[in-house]
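Each chain, written out:
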Amino acid sequence: YLNNLFLKPLKELKKMTNQVAKGNFEVEIKKIPENEIGEFSQNFNIMVNELRKNEMLKKDFISNEDSLCFIKENPHKNNLIPLYTLMISTSKITN
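Residues numbered from 1 in each chain as written. Predicted model: local features only at pLDDT ≥ 70, side-chain atom pairs only at ≥ 80, totals over all residues. Heavy atoms only, no water.

Enquirer: Run through the overall build of the chain, naming residues and quoting values.
Expert: On a plain count of helices and strands, the chain comes out with 4 helices and 0 strands. Sequence-ordered secondary structure for the chain, helices as α and strands as β, is α-α-α-α. By the burial criterion, 21% of the 95 residues in the chain qualify as buried. Within the chain, residue pairs in contact and separated by at least 24 positions form 56% of the contacts whose partners lie at least 6 positions apart. Carbon and sulfur atoms form 57% of the exposed surface of the chain, whose accessible area is close to 7,500 Å². (Helix = DSSP H or I, 4+ residues; strand = E, 2+ residues; numbered from the N terminus. Buried < 20%, exposed > 50% of the residue type's maximum accessible area, 1.4 Å probe, protein only. Contact = heavy atoms within 4.5 Å. Areas by Shrake-Rupley, 256 points an atom, 1.4 Å probe, with all protein chains shown as cover.)

Enquirer: Talk me through the nonpolar core; I want residue IDs and the actual numbers.
Expert: Judged by nonpolar contacts, Leu-13, Met-16, Val-20, Phe-25, Val-27, Ile-29, Phe-44 and Val-48 together constitute the single largest core of 8 residues. Among the secondary structure elements, those contributing two or more residues to this core are helix H1 (2-21) and helix H2 (36-63). When residues in this core are grouped by element, the largest group, 3 residues, is from H1. Apart from the residues lying within four places of it in its own chain, the contact partners of Met-16 are Val-27, Glu-28, Ile-29 and Phe-44. (Core = buried A, V, L, I, M, F, W, Y, C linked by side-chain atoms within 4.5 Å.)

Enquirer: Talk me through the pattern of salt bridges; I want residue IDs and the actual numbers.
Expert: Taken as a whole and assessed by the stated rule, the structure comprises 4 salt bridges. Close ionic contact of Lys-15 with Glu-12 constitutes a salt bridge, the shortest N to O distance being 3.8 Å. Of the two residues, Lys-15 and Glu-12 both sit in helix H1, 3 residues apart, roughly one turn of that helix. In this structure, Glu-26 and Arg-52 form a salt bridge, with 3.7 Å as the shortest nitrogen-oxygen distance. (Salt bridge = Lys/Arg side-chain N within 4 Å of Asp/Glu carboxyl O.)

Enquirer: Which residues make up the side chain of Asn-35, and what are the values?
Expert: Inspection of the secondary structure assignment puts Asn-35 in the loop between H1 and H2. Those residues in contact with Asn-35 that lie beyond four places of it in its chain are Leu-5 and Phe-6.

Enquirer: Quick one: what's the story with H1, residue by residue and with numbers?
Expert: In this model, H1 (20 residues) spans 28 Å end to end at C-alpha, consistent with the 28 Å of a helix rising 1.5 Å per residue. Residues Pro-9, Leu-13, Met-16 and Val-20 constitute the buried set of H1. Looking at the residues trailing H1, positive phi occurs at Gly-23, about 100°. (Expected span 1.5 Å × (residues − 1).)

Enquirer: Tell me about the environment of Ile-46, residues and numbers included.
Expert: Within the secondary structure, Ile-46 sits in helix H2. For Ile-46, a relative accessible area of 52% translates into the label exposed. As a C-alpha pair, Ile-46 and Glu-28 span 18 residues in sequence and 9.2 Å in three-dimensional space.

Enquirer: Quick rundown of the environment of Met-47? Include the residues and the values.
Expert: For Met-47, the position within the fold is in helix H2. Through-space distance from the C-alpha of Met-47 to that of Phe-25 is 9.6 Å; in sequence the pair is 22 residues apart.

In structure tokens form, the structure reads like this:
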């Protein structure tokens, strides 16, 4: 009983966190128990979804010609952090 209630979900969560640590943001915990581990698993899924969206924004930013032109035309302003931060804060991506 305890194995199904606690150990299996914790092992699944451990496996998924290892995947995210390796850069795989396509993981999702499917079986979510109705307990504290389930709440933790739901929060994990929300976090991974946000990481996935930020990764998509980063890739879009890097592939955007306007962004690259701005950087080339303004070499003294080539710090991407303010531009990337602005993109994230004005993002229209929703769940």
